[in-house]
Structures are given as structure tokens and as C-alpha cells.
Amino acid sequence: MRTSNAAWSLAGVVAGGAGLATSYLAANLMNIREAPVVAVAELVIRHAPGSVAEEGIDTLGTADKPVLVGVILGILAILFAVAGWQARRRWWLSALLFGTIAAVGLLGVFSYKNTESSDGLPVIVGLATWLVVLFVLVERLRRVELLPDSAEPTEEQPFPPLTDEQRSGRRGFLIGAGSVAVVAAATGLVGRWAGRSRRNVEKARNLLRLNISKPTVPAATKIGVQGITPWVTPNDDFYLIDTAVIVPTIEPQDWSIRIHGMVDKELTLTYEQLVRRQMTESWVTLNCVSNEVGGDLIGNAWWSGVRIADLLEDAGVSPDADAVLQTSQDGWTCGTPLEALTDDRDAMLAVGMNGEPLPIEHGFPVRTIVPGLYGYVSACKWVVDLEVTRFDEITAFWTDKGWSERGPVKMSSRIDVPRHGHDVPAGVVTFAGMAWSQHTGISGVQVAVDDGEWHSALLAGVPSTDTWVQWKVTVNVEPGDHTVKVRAVDKTGRPQTGEVQDVLPDGATGWHTIEFRATEA
Ligand SMILES: Nc1nc2c(c(=O)[nH]1)N[C@H]1C(S)=C(S)[C@@H](COP(=O)(O)O)O[C@H]1N2
Ligand SMILES: [Mo]
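Computed from a predicted structure; not experimentally measured. (Residues numbered from 1 in each chain as written. Chains lettered and ligands numbered in written order. Predicted model: local features only at pLDDT ≥ 70, side-chain atom pairs only at ≥ 80, totals over all residues. Heavy atoms only, no water.)

Peer 1: What am I meant to see in the overall build of the protein chain here?
Peer 2: Looking only at helices and strands, the protein chain has 10 helices and 19 strands in total. The C-alpha radius of gyration of the protein chain comes to 30 Å, more than 25% above the 24 Å expected for a compact globule of 521 residues. Across its three principal axes, the protein chain shows a C-alpha extent of roughly 105 × 70 × 50 Å. Split into buried and exposed, the 521 residues of the protein chain put 50% on the buried side. When the accessible area of the protein chain is evaluated, it comes to approximately 25200 Å², of which 56% is carbon and sulfur surface. (Helix = DSSP H or I, 4+ residues; strand = E, 2+ residues; numbered from the N terminus. Rg over C-alpha atoms; globule rule 2.2 N^0.38 Å. Buried < 20%, exposed > 50% of the residue type's maximum accessible area, 1.4 Å probe, protein only. Areas by Shrake-Rupley, 256 points an atom, 1.4 Å probe, with all protein chains shown as cover.)

Listed below in C-alpha cells is the structure:
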């Protein structure tokens, strides 16, 4: 035995610690609610029988969670040591053990409400780290094992003195294990820092007292059909699209915006200065150019902010300008037609969404909202710079990648009820869904079953032309398999085109069509 069990166990513990560190960093960078270990601790707390939990809280006070996390880390250290020790003879057992621990981690992570599959990524990162580091460290130990001895073991000398090679092999292992431990510790610290800056911004956000109002949803907007998409999209359910790998975390006190370019007078506004200005509030439906026909990359919210038209008026825009190049704190850019920012629509630098300060993912502390334009040419999140310019002098993030320079929202409509592939009782069937043509408005919606005649739907109310509208219609349907399609008509009388076009370069078109089965009563 030229390597001790302790060395093998150490390899396991170092690998384990490295995996915990990378998963912790990943969780913090991705802004996942809790790192896997904490998620597991919370899962345990949630499932602990009431009496045990109470006793725990009684004896430990508010320290119950840190203590539990400590206990879990202790158990993990033992399991990691076992995994390393097992790697000596049965490496597959170590892999199995790490795999099992990862599975428990996933269980913890996905025990929260509203999780996405990407929330499991930190655990996968940790598992990969475990296996790679263990493999590398164990390889070194195995090499030492295979080195020739200085002499045959005898009665008097059961452990012959180590050769120089064996000695340096052991040293190599220790240096390797030590380096990994140092890198892991540094990784953990970076994770902590990333998590802290997020928490600081979250705290600053919670302390804000903005002069914005809570939304009151106009009753007329509800068509009253079960299963239809709610007219207002809660912040937590609002679709998220951005290129940020790490969501920018900006404290309001550190934010400012520069308005410059083809203007008489350059302006710089701090967050304080911005929110002290006259506020505007309105319902605006935002959607993504990548939304397929029938897709759900669309949401409707009550936005509060400062009209960009007012700011541009203060700056004094040159008559030769026709665009504003917006830049986000993370470098993302979009080019917006100047006209849409200065006409009568409520284009704003938004600070509030549904009566709360903007959520961090939706652009805190300030983002742009422009009714009638797709997000990729207008809705800059974490916006810090507005350059008044000309379209023939700029390119922006998505236009560089083949998307259209201009992005007015295309009229569209969607069937929510019944869902595609569902059964309904034959007879009088209710169809319902959403339709939109932001800043033009919808005047009618029609559905047709199996290429039959078009039936006009009833429209719910809307406060302006800038939002989507709910619709419903009943049609008599025979038993059997059917399709149903929908089309809208806008307020200028133009019908929605049935011509099928992909999302690239400027938004999808076509009639949303679904299949359903009408069953015999
Ligand atoms: N900084 C920044 N802002 C951005 C984007 C981005 O990638 N980075 N994506 C845009 C796109 S394509 C859309 S559709 C909207 C989505 O806004 P949401 O995530 O708040 O729904 O943000 C826009 N603003
Ligand atoms: Mo988008």
C-alpha cells in the first residue's frame, strides 16, 4: 500500500467540495432561488413533521436553517469521503454515489413552485465537477500505486521505504488536491459575491417607494371563459427574453441615463431625477418577434414611467434624426424609430410593472416600453443610453443577425379554449382566446370550424388600442375530429393575413389553427 485510504478519501472530499462550489456559483449567477444544498435543507424543513420542525425552531431559534445546512454539509463530507475511498476499487460505486447525491439535489431544487428545467443546471454542473475532479485526483493516486517498490516487503520490513518517485507522486497528488481546494474556495467566494450583489439590488428594490399606482383591471376586459389567458399577465408569469447570461444587477443609486447624439442639449438623468418627473401609466401588451403563431411570448401589464417624448423634447431633437439607438447596461442594443418615441403613444422609460418596481429580470431599474413595436426594436431592459441618430448610421443587436430594421407588431389572434388536442362535448362549443394589433386595435375576430363559414366572435372591452383583447364565440359542432382557425380584423378594417410566414425577419403571420375532438354526450 503506497497510498493510504486517507488519501483516497481526501480526493473524494476535495472533488465533492469543488462540485458544491461550482454548483453554488452557477446557482448564484443564474439567479436561481437557492443553491442546491439550501434547496434540500428547505425541502427537509417543509417535510419535517410539525413537532420535529417546531422543536428544531424552539431549540435553535432562527438558526434552524444554517444549522440544518451545516448538518447536510457534514453528511455530504462523509459521503464524499466514502466516494473517494470507494474509487480505489469500485469507481462506479463512487459515480453512483455522486449521482444519487445529485438526484437529491435536483429533488430539492424542483420542490419549489414555478421552477424551470434550467434550474437544475447548477446540480448538473456540480455533478460534472465531482466526476471530473475525482477522476483527475484518483488518476494520480493510481499512478503512485503502480510505481515499483524499493524492495520486496519482508517480516522485518513490511513497508519498504518509499522510492523518490513514489514520494514525488504523493507530493503531486497533494499539490493537485490542494490546488483544487483553493480554486474551489475562490469559486465559492465569487458565487457569494454574485449572490450578494443580487440580494443588495433586491433589497434596494424592495425599499423603493415610487409614485406609481396599483393596476385596477377594467372589468370589461374579462370575457368570462374558463381556461382563457388572463388579460393581465402577473409579473411572475410574464415571458422573459434577453441575451444576458448574467442578469445585470443595477442599484438605482448607480443608474443614470444619457440622452445624446443629434440633440441640442445632451441630458443625463439619475434615477432620482427620473422618478421625480411627471409619471405616465398605461396598459401595454408587449410581444416578441420570435412569437410563433399561437405562441405565448406575449404579455400584458400596467406600466408606469416617464414619457420619452417629454425627455426628447427637453433635449431638443434634430429634424434630420429618424432613430434612437438604445443601449442596455449589458451592451445589448436596439434601434427604435424616433416617430414611435415622439408621437402621441405612451412610449416610456418604465420604472414600474403591474404596480411594483420593475422586476430585475424585466429590466430593473429602468426599461423602455413602446406600444406597437416588437420588443427587439424597442423594449430595451436595463437601458442606460439613448442616442438620437439616423437608421442609415446604426446597426443593432438583432438587425446585425438578419432581423428587420423596423419591427411594428403584426396583427395576430390565438385560440386558448379549447386547447389543441383536447376533447369537448359535441353540440354548442365555446371557442375563446386573445387577439392583438397594438396601437391600431382590433375591431373583430372570426373563427371557422373545418373550413366552414366564419363566425364572428364577441370582443371584451379594452382601455386602449395598445393591448390585446379577449374574444369568445359559440359554434354548433357535430361529434368527431375537427379543426378550428381564427383570424382578426383591425380597426382600419384590414383582415389578418392567412399567409404563413416564419418569425424571421419581422414576425410570424398566419391563422392559428388547432385540432380538437367533439365527443358524443
Ligand atoms: N437589455 C436587453 N433588453 C432587451 C432584450 C435583451 O436581450 N437585452 N431583449 C428584447 C426582446 S427580444 C424582447 S421580446 C423583450 C422582452 O422583455 P421581457 O423579457 O421583459 O418580456 O425585451 C427586449 N429588451
Ligand atoms: Mo423578442
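Peer 1: I keep staring at the sheet that holds strand E14 (residues 442–449) and nothing clicks. Help me out?
Peer 2: As summarised here, the arrangement of the 5 strands in space is E12-E19-E18-E14-E15, forming an open sheet in which the pairing is mixed. Of all the strands in the sheet, just strand E12 (423–425) and strand E15 (455–456) have a single pairing partner and so form its edges. Two strands pair when backbone bridges link them, and E14 and E15 are joined in this way by 2 bridges, in the antiparallel orientation. The partner of Val 447 across the bridge, within E15, is His 455. (Pairing = 2+ DSSP bridges.)

Peer 1: Help me understand the side chain of Gln 438, please; the structure alone is not making it clear to me.
Peer 2: Turning to its location among the elements, Gln 438 is positioned in the loop between strand E13 (427–436) and E14. Here Thr 285 takes part through its backbone oxygen, which lies 3.0 Å from a polar atom of the side chain of Gln 438. Within the structure, the side chain of Gln 438 is placed 2.8 Å from the side chain of Asn 287, a separation counted as a polar contact. Beyond its immediate chain neighbours, meaning those up to four positions away, Gln 438 contacts Thr 285, Leu 286, Asn 287, Gly 372, Val 409, Thr 465 and Asp 466. (Polar contact = N/O pair within 3.5 Å; in protein donor to acceptor, adjacent residues only side chain to side chain. Contact = heavy atoms within 4.5 Å.)

Peer 1: In this structure, what is going on with helix H4 (residues 64–86)? I would like to understand it.
Peer 2: Across its 23 residues, H4 extends 33 Å between first and last C-alpha, which sits within 8% of the 33 Å expected from 1.5 Å per residue. Residues of H4 that are buried: Asp 64, Leu 68, Val 69, Ile 72, Leu 76, Phe 80, Ala 81, Ala 83, Gly 84 and Gln 86. (Expected span 1.5 Å × (residues − 1).)

Peer 1: For this particular structure, what's the right way to read the nonpolar core?
Peer 2: Nonpolar side chains in soluble globular proteins tend to be buried together. Of all hydrophobic cores here, the largest spans 77 residues; its most connected members are Ile 259, Tyr 271, Leu 274, Trp 303, Leu 349, Val 351 and Val 366. Leaving out residues up to four positions away in the same chain, Trp 303 has contacts with Phe 238, Thr 280, Glu 281, Ser 282, Val 284, Met 348, Ala 350, Gly 352, Met 353, Leu 358, Arg 367 and Ile 369. Within the second largest apolar cluster, 34 residues are counted, among which are Ala 18, Val 38, Val 123 and Val 133. (Core = buried A, V, L, I, M, F, W, Y, C linked by side-chain atoms within 4.5 Å.)

Peer 1: Explain the pairing of strand E2 (residues 267–270) to me, please; I cannot follow it from the model alone.
Peer 2: The side chains of a regular strand alternate between the sheet's two faces. Burial along E2 is one-sided: Leu 267 and Leu 269 are buried, and none of Thr 268 and Thr 270, which face the opposite way, are. Here strand E1 (residues 256–261) runs beside E2; their pairing, made up of 4 bridges, is antiparallel. Pairing of Ile 259 across the sheet is with Leu 267, part of E2. In sequence, E1 turns back onto E2 through a hairpin of 5 residues.

Peer 1: Is there a simple way to think about the packing of aromatic side chains in this case?
Peer 2: One pair of aromatic rings is described through two measures. These are the centre distance and the angle between the planes. Evaluated as defined, the whole model comprises 14 aromatic pairs. Residues Trp 283 and Trp 302 carry aromatic rings whose centres are separated by 5.3 Å and whose planes lie at 50° to one another, so their mutual orientation is tilted. On the criterion of sequence distance, the pair formed by Trp 283 in strand E3 (residues 280–287) and Trp 302 in strand E4 (residues 298–307) is long-range, its members being 19 residues apart. No difference in accessibility class separates Trp 283 from Trp 302, as the two residues are buried. Ring centres of Trp 454 and Trp 511 lie 5.2 Å apart, and the angle between their planes is 80°; on these two criteria the pair is classed as edge-to-face. Of this pair, Trp 454 sits in the loop between E14 and E15 while Trp 511 sits in the loop between strand E18 (480–490) and strand E19 (513–519); the two residues are 57 residues apart in sequence, bridging distant segments of the chain. (Phe/Tyr/Trp six-rings, centres within 6.5 Å; stacked < 30°, edge-to-face > 60°.)

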